[in-house]
Every structure is written in structure tokens, then in C-alpha cells.
Amino acid sequence: MKISNIKWFVNSISQCSRFQSGRMANTFLMLFMFHHSLHNGIANDLAKVDNYRYHMDLYKMMLRNYDKRIIPQCSDNPLKVTIQLAPREIVDLREQQENGEFQLWVRLSWFDCNLVWNKTDYRNISWLVVSYEDIWVPDITLIEGIDFIGNMPNMKQYRARITSNGQVHFNFLTVVNTVCHMDLTYYPFDVQMFDFTFTSWIYTSDALNIQAASNYGDLTYFSPNQEFIVKEVAATSITQPYPCCGGNFSLVTFTLKIKRRPTFFMATIVVPFFIITILSFAGFALPSISGEKITFHTTILLATVVFLLLVQDQFPSTSETFPKIAIYFSISMILSCVSCVMSAIVMYIYYNDLSGKKMHKWVKLIFIEWLGKIMLVTEIDLPYHICKVQQEGSIQRKPTVSQEEIRKSRKSRKSLKDLEAAEKIDYDSMLLNGIHEDLEDEQSSPNKYLRKAKTERNQSSNENGITVTFAKSPCNDHDPTRNDLDPSTRKMNDWELLAYTVDRFFTVFYVSVTVLNSFVFLFIMKSQEESLE
């Protein structure tokens, strides 16, 4: 065909040169190119038709006497099926339910002696694609699968690729739900292992031998996860006996090893809890007279319980492994409870002097003298307060009105409101005036405000016809002009000094145990992180 075209082209050129016409030469050249392209197009179309016909003939020839229900075991040796796993994505991981959802790419390969052809007889066709329903496919089952839709859904929607030497390659993508044993001992620095065990459901190892294609899975196309880092996928092939099912079965287990990214959990759980723990130290710095020590430590206890509940929601309900962080939170919660008890003891000792009890000598010797020296406690000044009520020489906090004065007020038709007004006289003014009654000369007092307060008090009492009597204060056995009202002049009594000493001891004990607990937790977590790298 090509030689005749060339001869036709040479003859055309010679004719063009004979007529010595350039226009005729161009015309013949265009006609030749059109004839050549038309001929090639028709030839290509015919080749495509022939190729399709050869594929049809090959497909019919192979499947004419093929039975997909029979395993293609053409020798005494078991049929070898190789499997390779390529994890694609971690869809979801549920720690509390101990299961996860994964997208996997499963690659199967085996030799089928009934699907061999000579490619030279079929125009060098070396491979052919067939559907799942046309050929025999091993009944591969995922043992850890818990999906109710199917063991490996969408498996039947994919096609197989057959080569001329009888090698079958069947690759499919599936999403599986598997049961996973979660080990959260070192959460959030934990490493999880997920097993994917593939085996035949019906064929024993005498008929079907399943082997891993390599010692490791393929992570080339794995999609990165925001919470976990995939370290490796290791493959192991074993033969396990199942007496219930009639023999030994070949199993291939792929172990997916992933490591959690701890940054998010450290920033949202661990660091805030450390801040609350440090804040609990401030509760021991509060003075006992404030009355807020127990309230402060109770608030810290409630915050600790909230953090423990937040972490508990992410852990499975199992007793095999208990997270170290949960132990740390539990110990911290116990310490918070102990701090509340410590504060209650300190408050009880501090206000025990109101009961009038005397302190035993051995208590004073052990806790004030010996323990005080160890805790470096020295007697400090306390804010001034009005002397406490005692049996003798007590100060009446309100002026008393006698029954005789009430009867006189009724006879004189005076209202009881006048008597009540007398009772509402400022107590501090009366106390100061009562103190200054012991002075020989009222004018000798350097405080003009005291003289004015006494004058106003006397005038108010005389106008209402009431005489107010003050008992002598046990606190005025010294010069009232001294700085007795200054907050830095009153010394501790024995009970207050004991409360201060015990509070110092509790503070040292709580801080030491809390720091030790935090240090041990961080050391364990750091050691675990270094072992994983």
C-alpha cells in the first residue's frame, strides 16, 4: 500500500515538472496528503474494531467453561493468596466504646490456572478486566469487623485485573468498623495498636494459604490525621487451629501503630489543672480571721472534680488499664479534701479561746514550742479587737434599761421609741466614754473627739430620762491614750499561736505532697514520650 502511494506521488510530481506549472504541483501535493490521511484514519478505525473483537473473543473463550464456584487449585499445593493493606484514613476513633472506623485499601493477588492465554493469538492482549461476579474470588473476612452492613462493604462493586499468565489482581477500597483494645495508661502520651486480621471463612490452610505481600503495609497514600500520627503498619502471617471448624486456617494480621498528638490535651486539660493546683496554695496564705479558708479550698475541690469528670468521659469503662492522669487527678482531689479538713482544724483551734478552755501543757510544749521551732514560727501581732465577754468585769455591748425606768416612761407618757433610741447609741462612742470616766480630769484627755462624744452621750441620756451605766472594761488597765486601737499592737494568745503553727505545718505538708505528685506525673509522662521517639 505504501509503495503504490509513493509511485503515485512520483508520477504526479513528474507530470507537474513536465507541465512546468507550480500551481499544478501544489494541487497534486494537497491531493496526496488528503489521500494519505484518509487512508490512515480508516486503517486506525479498522484496527480498533479488530482490537475490540479480539477482547470479546478472549473474554468468551476464558469464561466459556469457567466455573467461579470452584477454587482454582490446579495442583496438590494450596492456592496461595497474597494480601497487602494500605490504610487510607482514620475516619473516627471512639476511645470510650473501644472501636474505630477506618478507610482501607485492600490488595489481593493470586494465580488462577483457568485464566491463562497466549497473548500472541489475541493481538498481544496482555491483560483483561473482569467484574467480581465473573471469576472466583477468595472469601476474605476481617475478624475484627463489627459492621452490620457487611464485613467489608463495597467489595463486590470493584473489578479484577487478569494478566495473560493467569495472575489475578483484585484491589478494592472499603470503610470498616472494627473493635479496638484501647490502652490509655499514658494518656495523652499514649500509643495505640489496632489489629486487622484477614482470613478465609471456609477454606482451611490445606486449600488456601493466605500470606502477606510484605512485612509492612503501604502508607504512601495515607491521609494525615489531626489527632494521631501513624507510625507503621506491621504484617505477620500465622496458621492458627480452629477445632470447631475442621482444621487450621491461615491468618494475616496487620498491626496499625498510631501515636496521639498531646498538644491539644495538654493545653486544654493538663495545664489548666496545674494552674488550679498552684492556686490552691493561696488558700493556706489566707489568715484564719478572714473565715474564707474553708470556702476557698471547697471551690478548688469542686474544680478538681470537674476536671476529673471531663477526663473520665474519654476513657473506656475497664479496669485492666487505669490512666496515669486519672490517678494524678484522683490524688489531687484527695489532697483538696484533706486541705478542707486542715482548714477546718485550723479554724477550730483559732476560735477555741472563745470557749474559755485552757491549753494543756503538753500541747503547748509539743505544738507551740517544738513544732513552732521546726516550722520557724514566731509570735506575731494581730489586728486589735474588743475584749471578749468574761464573767467578771465584762463590757455590756448595749446599755440596759431597767423596769423602773420603763414604768416612769409610761407614767410620763413617754414613748418606748425614746428608749429604743437610747439603745441605738453608738457602742464605740459609749465604750470610749466609759474608758475615760476613770480619768480624774476630763479636760486632761488629749482627744477632743472623746470629750465631744461623752458630752453628746450625756445630753442624749438626760433628755430621755435614762441613766446608762457602764461596767468597767478589763482592757482599760492601762493608759487609754496609748495606741491600743492600732492593728499592730495586740499579741497572739496561746490558741491563736497554736492555730498559726498548725496552719504552717499543714501548708508545708500540702505543698510538698502536691509538688511531689505533680513531679512524679510529669516524669512518667516525659519518660513515656522519650521511649516512643
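So, here is what we can say about the structure in this document. (Residues numbered from 1 in each chain as written. Predicted model: local features only at pLDDT ≥ 70, side-chain atom pairs only at ≥ 80, totals over all residues. Heavy atoms only, no water.)

**Some remarks on the pattern of salt bridges**
Pairing between side chains of opposite charge can happen when their charged atoms approach one another.
Moving on, step 1. Evaluated as defined, the whole model comprises 8 salt bridges.
Moving on, step 2. Note that Asp-57 and Arg-53 form a salt bridge whose closest N and O atoms lie 3.9 Å from each other. Of this pair, Asp-57 and Arg-53 both sit in helix H2 (residues 22-63), 4 residues apart, which is roughly one turn of the helix.
Moving on, step 3. Taking relative accessible area as the criterion, Arg-53 reaches 40% and is therefore assigned partly exposed.
Moving on, step 4. One salt bridge in this structure joins Arg-260 and Glu-95, with 3.1 Å as the shortest N-O distance. Note that Arg-260 is positioned in strand S10 (residues 247-260) and Glu-95 in the loop between strand S1 (79-94) and strand S2 (99-111), a separation of 165 residues in sequence. Neither Arg-260 nor Glu-95 differs from the other in exposure class; each is buried. (Salt bridge = Lys/Arg side-chain N within 4 Å of Asp/Glu carboxyl O. Helix = DSSP H or I, 4+ residues; strand = E, 2+ residues; numbered from the N terminus. Buried < 20%, exposed > 50% of the residue type's maximum accessible area, 1.4 Å probe, protein only.)

**Examining the sheet that holds strand S5 (residues 159-163)**
Moving on, step 1. Taken together, the 6 strands give an open sheet; going across it, the order is S3-S5-S6-S2-S1-S8, and neighbouring strands pair in mixed fashion. What marks the edges here is a single partner per strand, and that holds for strand S3 (127-131) and strand S8 (208-212). For this sheet, the mean inter-axis angle between neighbouring strands, taken without regard to orientation, is 30°.
Moving on, step 2. Pairing geometry for S3 and S5, over 5 bridges, is antiparallel. The residue bridging Val-129 from the neighbouring strand is Arg-161, located in S5. (Pairing = 2+ DSSP bridges. Axes fitted to C-alpha atoms, helices over the stretch in contact; angles between N-to-C directions.)

**Points about a nonpolar patch on the surface**
Moving on, step 1. A cluster of nonpolar side chains, Trp-362, Leu-365, Ile-366, Phe-367 and Trp-370, forms an exposed patch at the surface whose accessible area comes to about 510 Å².
Moving on, step 2. Its place among the elements puts Trp-362 in helix H7 (residues 361-374). (Patch = residues over 30% accessible without salt bridge, like charges linked within 9 Å, V, L, I, M, F, W, Y side chains within 5 Å. Areas by Shrake-Rupley, 256 points an atom, 1.4 Å probe, with all protein chains shown as cover.)

**Structural notes on the packing of helix H3 (residues 263-279) against helix H6 (residues 324-350)**
Moving on, step 1. With their axes 12 Å apart at the nearest point, H3 and H6 run at an angle of 20° to one another. Overall, the two elements H3 and H6 adopt an arrangement that is roughly parallel. The hand of the H3/H6 crossing is left-handed. On the side of H3, the interface is formed by Ile-269, Val-270, Phe-273, Phe-274 and Thr-277, while H6 contributes Ile-325, Tyr-328, Phe-329 and Ser-332.
Moving on, step 2. Residues of the contact of H3 with H6, tallied by class, amount to 7 nonpolar, 2 polar and no charged. (Parallel < 35°, antiparallel > 145°, perpendicular 65-115°, else oblique. Left-handed = near helix turned anticlockwise from the far one by under 90°. Contact = heavy atoms within 4.5 Å. Nonpolar A, V, L, I, M, F, W, Y, C, P; charged D, E, K, R; others polar.)

**Some details on the state of the cysteines**
Moving on, step 1. One pass over the structure, following the stated rule, counts 1 disulfide.
Moving on, step 2. Each sulfur of the disulfide joining Cys-74 and Cys-113 lies 1.2 Å from the other. On the criterion of sequence distance, the pair formed by Cys-74 in the loop between H2 and S1 and Cys-113 in the loop between S2 and S3 is long-range, its members being 39 residues apart. (Disulfide = S-S within 2.5 Å.)

**Digging into the packing of aromatic side chains**
Moving on, step 1. Here the structure, examined in full by the defined rule, presents 23 aromatic pairs.
Moving on, step 2. For the ring pair Phe-519 and Phe-523, a centre distance of 6.5 Å and an interplane angle of 20° mean the geometry is stacked. Here the residue Phe-519 and the residue Phe-523 both occupy positions in helix H12 (residues 494-532), the gap between them amounting to 4 residues, near one helical turn. In terms of burial, Phe-519 and Phe-523 fall into one category: exposed.
Moving on, step 3. Pairwise contacts between aromatic rings join Phe-273, Phe-274, Phe-307, Tyr-328, Phe-329 and Phe-521 into one cluster.
Moving on, step 4. A cation over an aromatic ring shows up here: Arg-107 above the ring of Trp-105, its NZ or CZ 4.5 Å from the ring centre.
Moving on, step 5. Geometry around Phe-265 places Arg-260 over its ring, the cationic atom sitting 5.5 Å from the centre. (Phe/Tyr/Trp six-rings, centres within 6.5 Å; stacked < 30°, edge-to-face > 60°. Lys NZ or Arg CZ within 6 Å of the ring centre and 35° of its normal.)

**What about the side chain of Thr-277?**
Moving on, step 1. Looking at the element boundaries, Thr-277 is found in helix H3.
Moving on, step 2. Among the polar contacts made by the side chain of Thr-277, one reaches the main-chain carbonyl oxygen of Phe-273 at a distance of 2.9 Å.
Moving on, step 3. Not counting residues up to four positions away in its chain, the partners in contact with Thr-277 are Tyr-328 and Thr-514. (Polar contact = N/O pair within 3.5 Å; in protein donor to acceptor, adjacent residues only side chain to side chain.)

**Here's the deal with the side chain of Ser-131**
Moving on, step 1. Tracing the chain through its elements places Ser-131 in strand S3.
Moving on, step 2. A distance of 2.7 Å separates polar atoms of two side chains, one belonging to Ser-131 and the other to Asp-134.

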